[in-house]
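Survey of secondary and tertiary structure
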Amino acid sequence: MAEKKRYNWIDESVVIDFDMPKIMENLILDMEQLDREENYGYLNDCDALDDMAKEFYVQGRLTKTQWDTLVRHL
């Protein structure tokens, strides 16, 4: 029997194993819920997460590798 996927759009094979600002963690939790509900609002939040990650990268709070990982995951 095939394993049931938890998400519709999130790539669960990409592991996020680094610390990030709390606001970003909260956005990802909201996105996970939207994904499970197949709510297309998830796609808007993808753009918001990318913008947020870019800003945290510019501020030195995320590395480029971490930013890329977030975008690949979501």
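Residues numbered from 1 in each chain as written. Predicted model: local features only at pLDDT ≥ 70, side-chain atom pairs only at ≥ 80, totals over all residues. Heavy atoms only, no water.

Concerning the packing of helix α2 (residues 41–58) against helix α3 (residues 64–73)
- Running from amino to carboxyl end, α2 crosses α3 at an angle of 175°, the nearest separation of the two axes being 9 Å. Judged on the interaxial angle alone, α3 and α2 are roughly antiparallel. Residues Asp50, Ala53, Lys54 and Tyr57 of α2 form the contact with α3, whose own contacting residues are Lys64, Trp67, Leu70 and Val71.
- Counted by class, the contact of α2 with α3 contains five nonpolar, no polar and three charged residues. (Axes fitted to C-alpha atoms, helices over the stretch in contact; angles between N-to-C directions. Helix = DSSP H or I, 4+ residues; strand = E, 2+ residues; numbered from the N terminus. Parallel < 35°, antiparallel > 145°, perpendicular 65-115°, else oblique. Contact = heavy atoms within 4.5 Å. Nonpolar A, V, L, I, M, F, W, Y, C, P; charged D, E, K, R; others polar.)

Quick notes on the environment of Glu25
- For Glu25, the location among the structural elements is in helix α1 (residues 22–36).
- For Glu25 and Arg72, which are 47 residues apart along the polypeptide, the C-alpha to C-alpha distance reads 16 Å.

Some details on the side chain of Asp45
- Structurally, Asp45 is set in helix α2.
- Buried charge without a salt bridge: Asp45, with Arg36 as the nearest opposite-charge side chain at an N-O distance of 12 Å.
- Residues contacting Asp45, with those up to four places away along its chain left out, are Leu27, Met31 and Leu34. (Buried < 20%, exposed > 50% of the residue type's maximum accessible area, 1.4 Å probe, protein only. Lys, Arg positive; Asp, Glu negative; His and termini not counted. Salt bridge = Lys/Arg side-chain N within 4 Å of Asp/Glu carboxyl O.)

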